[in-house]
Amino acid sequence: MILLLEQLFNGLQLGVTLFLLASGLTLVFGIMGLINLSHGSLYMVGAYITATVTQYSGSFFIGLCAAIVTAAILGVIIEYLIMRHLYHRDHLYQVLATFGLILFFNESVQMIWGSQPLYINIPPSLDFTVKLFGQAGYPAYRLAIIALGIFILLILYLFIFYSKIGMLTRAGSSNREMVQALGVNINKLYTGIFAFGAVLSALAGGLAGPIYAVEIGMGESVLILAFVVIVIGGIGSIKGSFISALVIGIVDTLGRAYLPQFFKTFMSASDGAAVGGSLASIAIYLLMAVILVFKPKGLFTRL
Amino acid sequence: MKMRASQAMMLEVRHLSVCYGLSQILEDVALSVNKADIVTLLGRNGMGKTTTLKTIMGLARSHRGEIIFDNQRIDQLPSWKIAQMGIGYVPEGRQIFPNLTVRENLIATCRSELGQSWHEQEIYSLFPRLAERKHNMGAQLSGGEQQMLAIGRALMTNPKLLILDEATEGLAPLLRQEIWRCLEKLKSLNQSILIVDKNINDLLNIADLHFIIEKGQIVWQGDSDQLKKSKTVINKHLAI
Amino acid sequence: MISLNRSNCVIIVTFIALLALPPVLASIGESYYISIVTKILIYALVGVSLDLIIGQAGLVSFGHAAFFGMGAYVCGVLSHHGSNGLLVFYLFPGTSNALLTWPIAVIVCMLLGLLVGIISLRTAGVYFIMITLALAQMVYFLIISIPQYGGEDGLGLYGRNELAGVDLNDDTQFYYVCLLCLVFYLAGSIKLTRSSLGLIIKAAKFNQQRLVALGISPFKYQLLIFVFSAAGAGLAGALMANLTQYVSPDYLHWNLSGKFLIIVILGGIGSLFGGFYGALILLGLEEVLSSYTDHWHFVVGVILIIMVLTSRQGFYASITGKKT
Ligand SMILES: Nc1ncnc2c1ncn2[C@@H]1O[C@H](COP(=O)(O)OP(=O)(O)OP(=O)(O)O)[C@@H](O)[C@H]1O
Ligand SMILES: [Mg+2]
């Protein structure tokens, strides 16, 4: 029972990380109509910057801030130089250009940091365990990530539904020409949204640093998971992203933890582990396929 | 009428030509709007009225001619700059934001200048129906309410010139009256307005100057008295 | 009659050059290049198959490596068991007869294509891109989760398959076999696109609603072309397993799907033949760049970005003068 609870929390933590990634992706797609594969590269860059600055400054918090600032600057530059020329282009070209960006970032990171993975220690202030329901301990750091994720969801929600920029963002997603004809420089808005997505992605990467290894290409598999998240949640929907990110996080984590055991109950130990392991690794994709059969446009639509 | 010569020019369009691809839609169009005047652009379907307005707004590009607004050339500016200089646009088909509430539609793009300016409350007193539906989504409004919202939204940018494209299209007579009443109110506030509409009779009473466009060219211009007298003009260019 | 316009000339010259290549390389003592050109032919086969979906149906599949890799793995696993004598999934014996391994690889890929197609073709645009990507990723994880077949390390083979009358282990003979496969697949693709089915698919690309209004549902036609495309990629995978005598998870990796897209773009969308020129340019570029620097991916990335931003037409279009 306690183990299940622990796995559930692990799933939540993965879900929250995915949400940070998926929300930027889905905003950028929902508003600018841009499919951005290189979103995962900012996740990677965020993790690398966090690792390096944490090492030099001795403070994980400063490391994260550095990652956020870097991502914001990179986001503005990328949007200005590349993305804004892609908004009106066919998705195929968006895929290609942002694929090119991935190659660019992966090689740049390798040139700067080399190909050895980096490791970040859990910040000492969060390096303890918390008793869940008075029983076994659960790492405080992971709990902090979950809390932060929920906090960011709230901020995003308030921002999108109650700020003037949020209103313009929603307005722009339904009719960008009209927003401009009413006197709003939508390019600036787009740059801002793109940079904001980049910041969330880098933040996710920085936070993931102490849990997973910081290595080249780390953003790619998680990016594809984020795609699954937004396909299920409905492209453009923040609410959909949040719900489906949590579902994906939990299904994936629980699947890996329990499917092998489950198959072992009626198969030989090694076969059960193999079949269960295989099934666990594809569980979320199967989930996606099943959902798409019933809801080809995902669970939620629009902002 | 006698005053007009001394009044300042709000908008002036000269030698305007516009093409969509290979087909020329506007040719050598000229029109002007004086401060505090209501000016109409009349014409049958597909003659280029919307195109003229879109070009003024920077939503379509001219390949010849100039557009001068408030003593500055605007024909090469992006549409957001044109709007910021003080043109409020009420487009054909209303184009309100369906996923924003009525209130959000009004305040998302609002801008206030010093001096006399429109605020949310004043829009509600101009169109009380909008106040009742304040928290409804744009998509839930009736056609008339959407039209009022589109006008309110444009007024909230506190424009020097208001441009209306077919603001009464498809509205029931009562609702149409409400729009005209609003225009009269705006006129009394010295708002300059350029309006495209098909209800010529209603416009004869409130507008100062009329331009008639046919196949992309201005074929007639004159004030309401002149237009009332020349039945032939109406029959030739405007009768359906 | 084939008319001798510019594009046909280019194709004919290319074909003759490809036929003549092995003896020429042998005579100048550079036979090493044979296997590189063979790889180009194999990638060209994938390029053609992918261009069928992108160019004809207007759907961007970002999961073509799944079919390529699946073809390679099916062929590889069958051959693997053919040499170690164990049963495949405890069910049936393996074989290294190319007349069995290749068709089986193709059929399995067609079934996979059917499955992926049924799910993804219900959508379009960016959903289609993401779903094909996700399903390909699923195939990737599924296959690397099987430790018997090497997991993340891949599976080495004991030599190439056997084909009656041909020695596939001879690079030159294997080259001609690959060329033959490419030519046949190209011919099939061209026939397909010129058939009424091809016309319906093209019509669906421009106006799906109108077709539906005419009582034609493009779904089954799109599915058919998707399955045919999967077959081509699967065959290419089987050839690749033979070429390298090794099957690697890289063959399933989404990076490879990206490369296949680049090939189609470089060659020119919708030209089919362009698949070959795209593969030639990309692999040629890789070959040249990698001899100068380890960070050649960096250069490829930058070239790709610049290419998209300046939006050149495909290579095939620029040498044949044909608009695609
Ligand atoms: N985007 C476009 N591309 C090509 N031609 C267009 C486009 N928009 C409008 N046109 C053509 O330009 C001409 C003028 O159109 P416009 O919309 O300006 O007419 P209008 O006077 O506003 O008509 P209506 O009374 O129907 O609103 C029409 O013949 C129309 O077919
Ligand atoms: Mg019009």
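In the block above lies the structure referred to throughout.
Figured I'd write up the structure that's included with this text. (Residues numbered from 1 in each chain as written. Chains lettered and ligands numbered in written order. Predicted model: local features only at pLDDT ≥ 70, side-chain atom pairs only at ≥ 80, totals over all residues. Heavy atoms only, no water.)

So, about the overall build of chain C. The secondary structure content of chain C amounts to 13 helices and four strands. Rg of the C-alpha trace for chain C: 19 Å, near the compact-globule value of 20 Å for 324 residues, within the 12% margin. Relative to its 324 residues, chain C shows a buried fraction of 56%. Taking the intrachain contacts of chain C between residues at least 6 apart in sequence as the baseline, contacts between residues at least 24 apart amount to 77%. Per element, the accessible surface of chain C, about 13700 Å² overall, is 66% carbon and sulfur. (Helix = DSSP H or I, 4+ residues; strand = E, 2+ residues; numbered from the N terminus. Rg over C-alpha atoms; globule rule 2.2 N^0.38 Å. Buried < 20%, exposed > 50% of the residue type's maximum accessible area, 1.4 Å probe, protein only. Contact = heavy atoms within 4.5 Å. Areas by Shrake-Rupley, 256 points an atom, 1.4 Å probe, with all protein chains shown as cover.)

This brings us to the sheet that holds strand E8 (residues 192-196) of chain B. One key point about sheets: their strands pair by backbone hydrogen bonds, in either a parallel or an antiparallel sense. Residue and element names in this part refer to chain B. Taken together, six strands build an open sheet; the order of strands is E6-E7-E8-E3-E9-E10 and the sheet is mixed. At either end of the open sheet lies a strand with only one pairing partner, and these are strand E6 (87-90) and strand E10 (217-223). In this sheet, adjacent strand axes meet at a mean angle of 15 degrees when their direction is disregarded. The sheet contact formed by strand E3 (residues 38-42) and E8 spans four bridges and is parallel. When the sheet's bridge partners are listed, Val39 is paired in E8 with Leu194. Lying over the sheet, helix H6 (residues 143-155) contacts E6 and strand E7 (161-165), oriented at roughly 170 degrees with respect to E6. Across the sheet, helix H7 (residues 173-188) lies against E3, E7 and E8, angled at about 150 degrees from E8, the strand it touches most. (Pairing = 2+ DSSP bridges. Axes fitted to C-alpha atoms, helices over the stretch in contact; angles between N-to-C directions.)

Residue and element names in this part refer to chain B. Tallied over the entire structure, the rule returns 16 salt bridges over all chains. Notably, a salt bridge pairs Arg181 with Glu178, separated by 3.9 Å at the nearest N-O pair. Note that Arg181 and Glu178 are positioned in helix H7 at a spacing of three residues, about one turn of the helix. Beyond isolated ion pairs, a larger network of salt bridges with shared partners links Glu12, Arg14, Glu66, Arg73 and Asp75. (Salt bridge = Lys/Arg side-chain N within 4 Å of Asp/Glu carboxyl O.)

Listed per partner, the contact involves 22 residues of chain B and 19 residues of chain A. With both sides pooled, the region where chain B packs onto chain A buries about 1800 Å², and carbon together with sulfur makes up 60% of that total. Applying the counting rule to chain B against chain A returns one salt bridge. Run the count over chain B and chain A and you get seven residue pairs in polar contact (both at pLDDT 80 or more). The element that contributes the greatest number of residues to the side of chain B that touches chain A is helix H2 (residues 79-86) of chain B, accounting for four residues. Each residue belonging to the side of chain B that touches chain A can be placed in one class, and the counts come to 13 nonpolar, six polar and three charged. (Buried area = accessible area lost by both parts, 1.4 Å probe. Polar contact = N/O pair within 3.5 Å; in protein donor to acceptor, adjacent residues only side chain to side chain. Nonpolar A, V, L, I, M, F, W, Y, C, P; charged D, E, K, R; others polar.)

All right, on to the pairing of strand E2 (residues 23-34) of chain B then. All names here are of chain B. Bridging between strand E1 (residues 9-20) and E2 involves eight bridges; their strand directions are antiparallel. Bridge assignment links Met9 to a residue of E2, and that residue is Asn34. Connecting E1 to the next strand, E2, in antiparallel fashion are two residues, including Gly21 with a positive phi near 65 degrees.

On to the coordination of the magnesium ion (ligand 2). Residues and elements named next belong to chain B. For the magnesium ion (ligand 2), the full set of protein donor atoms is Thr50 (OG1), Glu92 (OE) and Glu92 (OE), at a range of 1.8 to 2.8 Å. Highlighted residues: Thr50 in helix H1 (residues 49-57) and Glu92 in the loop between E6 and helix H3 (102-108), separated in sequence by 42 residues. On the basis of relative accessible area, Glu92 is assigned to the partly exposed category, the value being 31%. (Donors = N, O, S within 2.8 Å, 3.2 Å for Na, K, Ca; no water.)

Turning next to the side chain of C:Ser189. Residues and elements named next belong to chain C. By secondary structure assignment, the location of Ser189 is in helix H6 (residues 171-194). On the basis of relative accessibility, which here comes to 0%, the residue Ser189 falls in the buried class. For Ser189, the contacting residues outside a window of four places in its chain are Val48, Leu52, Phe228 and Leu272.

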